[in-house]
Amino acid sequence: MDASAYWKERAPLVDAALEAALPDVGEAPARLHAAMRHLLFPGGKRLRPVLAMAGAEAVGGPPEHALPAAVAVELIHTYSLVHDDLPCMDDDDERRGIRTVHRAFDESTAVLAGDALQSAAFEALLTGCPELPLTPEQRLAAAREITRASGSLGLVGGQVDDLAFDPNRADVQSVESIHARKTAALIGASVTSGAILAGATGPVVENLRNYGLRVGAVFQISDDLLDADRGEECSLLRVYTPGQARARAEELLDEALGFIEGFGEAAQPLRALAVFALRRNQ
Ligand code: GRG
């Protein structure tokens, strides 16, 4: 299966659901609503929502059932980028080829747009796409996956340790621990929450979590390799040569594929996306 063909087919569903999940741009406070949309449309690769849909398909469900999770993970990812770009963190002027939210608007609007994107994520997960036959228990279980991955034990905790990262004291374990929380946790939760909304439970969810955490780690290593000269950042290239980092990513990719070996044809999109995570060029 070709990951990019799968992607092209699924991404429009995500965009329509994201649009429906946000207040109109003209709705008051209009400046806040415009700031929330600034990075979101046309947006980035939509990797996390596409993984949520592939997770639903891997367990035999329709991809549309994953949409509340797909929207939630993309909104959380976007809030994290808006906040990561702020002067108190990375102080970036550009993201995705356009001005960062605090540059296009102002700093307090960017902080608040990030906050509101996070609230919108959980509203979408708990009440979005009401026409779908999802049970409250499924929505709650999916929300649990995403809250854990995005809180102090996941994305936020990983970001805290990344900000405190001392490149002179880097070792494989500390770098991988930061990446596991900052990048892989939300990628793992994308897959599991999508699958849960399609009916997955128990060991099936655990296998998908193990798959997703490894794909997230692979994705981060390929990010490090694509952007090898990032200043003070926490990168596996601080402790590995590029060849060693590539070998580690191949090892993680094999492990990821092992966890979904028993899922049959339905997991072909997940397999293709895992390979993409390593071989991507953007
Ligand atoms: C502020 C709580 C908080 C967290 C910030 C996302 C993040 C954590 C930092 C961004 C810097 C970075 C390199 C993070 C690693 C994860 C990563 C590769 C993010 C970029 O994800 P893509 O490539 O982005 O999926 P697009 O733009 O395609 O959506």
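How each quantity is defined
- Residues numbered from 1 in each chain as written.
- Predicted model: local features only at pLDDT ≥ 70, side-chain atom pairs only at ≥ 80, totals over all residues.
- Heavy atoms only, no water.
- Salt bridge = Lys/Arg side-chain N within 4 Å of Asp/Glu carboxyl O.
- Helix = DSSP H or I, 4+ residues; strand = E, 2+ residues; numbered from the N terminus.
- Buried < 20%, exposed > 50% of the residue type's maximum accessible area, 1.4 Å probe, protein only.
- Near = heavy atom within 4 Å.
- Polar contact = N/O pair within 3.5 Å; in protein donor to acceptor, adjacent residues only side chain to side chain.
- Areas by Shrake-Rupley, 256 points an atom, 1.4 Å probe, with all protein chains shown as cover.
- 1 Å grid on protein atoms, 1.4 Å probe; cavity = no way out; pocket = protein on both sides within 12 Å on 5 of 7 lines; lining within 4 Å.
- Sits in = over half its atoms within 2 Å of the grid points.
- Nonpolar A, V, L, I, M, F, W, Y, C, P; charged D, E, K, R; others polar.
- Lys, Arg positive; Asp, Glu negative; His and termini not counted.
- Points joined across faces, edges and corners; volume = space filled by probe spheres on them.
- Axes fitted to C-alpha atoms, helices over the stretch in contact; angles between N-to-C directions.
- Parallel < 35°, antiparallel > 145°, perpendicular 65-115°, else oblique.
- Left-handed = near helix turned anticlockwise from the far one by under 90°.
- Contact = heavy atoms within 4.5 Å.

Asker: What should I look at first to understand the pattern of salt bridges in this one?
Answerer: According to the stated counting rule, one finds 19 salt bridges in the structure shown. Put simply, arginine 10 and glutamate 57 hold a salt bridge, and the shortest N to O gap is 3.0 Å. With arginine 10 in helix 1 (residues 3-21) and glutamate 57 in helix 3 (residues 47-58), this residue pair connects regions lying 47 residues apart in the sequence. You'll find arginine 10 and glutamate 57 in the same group, each marked buried.

Asker: I'm lost on the site of the ligand in this one. Help?
Answerer: As a structural note, the neighbourhood of the ligand is formed by 18 residues, with Lys45, Arg48, His77, Arg96 and Gln220 the closest of them. The separation between an oxygen atom of the ligand and a polar side-chain atom of lysine 45 is 2.5 Å. Side-chain polar atom of arginine 96 to an oxygen atom of the ligand: 2.7 Å apart, as the coordinates give it. When the free accessible area of the ligand is taken as 710 Å², the share hidden by the protein chains comes to 91%. Taken atom by atom, the bulk of the ligand overlaps the largest pocket. Breaking the shell around the ligand down by element, the ones donating at least two residues are helix 4 (67-84), helix 8 (155-163), helix 9 (172-197) and helix 10 (202-226). Here the shell around the ligand takes six residues from helix 4, the largest share from any one element. Within the shell around the ligand, the residues separate by chemical class into five nonpolar, seven polar and six charged.

Asker: Mind showing me how you'd approach the side chain of arginine 271 here?
Answerer: Mapped onto the secondary structure, arginine 271 falls in helix 12 (residues 268-279). Glutamate 265 is the oppositely charged side chain nearest to the buried, salt-bridge-free arginine 271, at an N-O distance of 5.7 Å. A polar contact of 2.6 Å, which involves the side chain of arginine 271, links it to the side chain of glutamine 268.

Asker: Looking at this structure, how should I read the layout of surface pockets?
Answerer: The method is simple in principle: a probe with the dimensions of a water molecule rolls over the atoms, and the space it marks as empty is what remains. The space that makes up the largest pocket amounts to roughly 1300 Å³. Lining the largest pocket are 40 residues, with Leu81, Asp84, Arg95, Lys182 and Asp223 positioned closest to its centre. Elements that contribute at least two residues to the lining of the largest pocket include exactly helix 3, helix 4, helix 8, helix 9 and helix 10. At seven residues, the largest contribution of residues to the lining of the largest pocket is made by helix 4. Its residues assigned to classes, the lining of the largest pocket comprises 13 nonpolar, 10 polar and 17 charged.

Asker: How should I be thinking about the packing of helix 1 against helix 12 in this particular structure?
Answerer: Working note: a packed helix pair is described by the angle between its axes plus the distance between those axes. Two elements in contact, helix 1 and helix 12, have axes whose closest approach is 9 Å; the angle formed by their N-to-C orientations is 110 degrees. By the angle between their directions, the pair helix 1 and helix 12 is classed as roughly perpendicular. The interaxial crossing formed by helix 1 with helix 12 has left-handed handedness. Judged by residue contacts, Ala3, Tyr6 and Trp7 of helix 1 engage Pro269, Ala272, Leu273 and Phe276 from helix 12.

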